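A closer look at the structure
What follows is each chain in one-letter form.
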Amino acid sequence: MGYLDRFSLEGKTALVTGAAGGIGQAIAVAYSKAGAKLILLGHRNNLDETTQLIEEGGGSAHQVIIDLEDVESLPAYCEDLLSQFQIDILVNNAGIIRRDEASDYSIDNWNAVMNTNVNALFLLTQHLARPMLERKEGKIINIASLLSYQGGVYVPAYTASKHAVNGLVKAFSNEWAKDGIQVNGLAPGYIATNNTKAIREDEKRNQSILERIPAGRWGEAEDLTGAAIFLASEASNYMNGHTLIVDGGWMAR
Ligand code: NAP
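Residues numbered from 1 in each chain as written. Predicted model: local features only at pLDDT ≥ 70, side-chain atom pairs only at ≥ 80, totals over all residues. Heavy atoms only, no water.

**Comments concerning the side chain of D247**
Mapped onto the secondary structure, D247 falls in the segment after β7 (243-246). Despite being buried, D247 has no salt bridge partner; R212 is the closest side chain of opposite charge, sitting 6.8 Å away. Once residues lying within four places of it in the same chain are set aside, the contact partners of D247 are L146, G189 and I213. (Helix = DSSP H or I, 4+ residues; strand = E, 2+ residues; numbered from the N terminus. Buried < 20%, exposed > 50% of the residue type's maximum accessible area, 1.4 Å probe, protein only. Lys, Arg positive; Asp, Glu negative; His and termini not counted. Salt bridge = Lys/Arg side-chain N within 4 Å of Asp/Glu carboxyl O. Contact = heavy atoms within 4.5 Å.)

Following this line, the structure appears as structure tokens:
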């Protein structure tokens, strides 16, 4: 067995939420290349591109359509998934951002963001971790953000939700580390995806962001996959309750 086999995901099944594009797609494809079977979760019928990328690389993917905002239905969806699959790795990646000034921020925007980014993550983790707790083995990776640490502007719900994501990384980890489950976070910096389209198109914002990134460029979803594989693999077995920041140096500034 070569040393790098510690990073292999061979024989594992990984569920990635929000796998239609962006960061979720990149992680799903990378996990497949590292040997895992994939369950791709999306809320619309748009998972074929990710499935095709995985199949072209010789991997396999099962699609599941679930609207994570519909939190009431999630426990039953989870039971259904667990009756079909052993899930070894859960990546809570799906997330939304709604922009408005704090003084005008609507409760609808607040609820949509909190339901998708926090309540769904909590319920999915709680339910899908139960068999992991019995098996004494499992990996849970929550996608956080730089706004797990900073306040941001015009995105109060997103900021609150991503601070909560980091809190849950620690809260779950404190209870489950002794049971062989590693719960960790991955905080992307500024990555060129749909999530950041609006600020990339605003020339002033785009320029001021670029000036602050020591690496001098926006990140690509692919930039996160090395850390994501590490957090899903045996190589991170003694890593608990930590969020890895992959941001081209933004937070060091
Ligand atoms: P994205 O392309 O918009 O990805 C978000 C994913 O979540 C999409 O696949 C989306 O599906 C899915 N999703 C949204 N609402 C959902 C729902 N109700 N049920 C199920 N799936 C839902 O943007 P991204 O940048 O890759 O974002 C992925 C994660 O990274 C998010 O948690 C985001 O907060 C985080 N993040 C991104 C950045 C960045 O710079 N891009 C930085 C920090 C953190 P549809 O496309 O079909 O709506």
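Structure shown, so let's carry the discussion forward.
**Some points on the site of the ligand**
In the vicinity of the ligand lie 29 residues, with H43, R44, N93, Y158 and T193 positioned nearest. A majority-of-atoms criterion places the ligand in the largest pocket. Across the shell around the ligand, the residue classes tally to 12 nonpolar, 13 polar and 4 charged. (Near = heavy atom within 4 Å. 1 Å grid on protein atoms, 1.4 Å probe; cavity = no way out; pocket = protein on both sides within 12 Å on 5 of 7 lines; lining within 4 Å. Sits in = over half its atoms within 2 Å of the grid points. Nonpolar A, V, L, I, M, F, W, Y, C, P; charged D, E, K, R; others polar.)

**Some remarks on unusual backbone geometry**
With phi around 60°, K136 is a residue other than glycine that occupies positive phi space. With respect to the secondary-structure elements, K136 resides in the loop between α4 (107-135) and β5 (138-143). The backbone of Y154 sits at a positive phi, close to 70°, despite the residue not being glycine. Checked against the element boundaries, Y154 lands in the loop between β5 and α5 (156-176).

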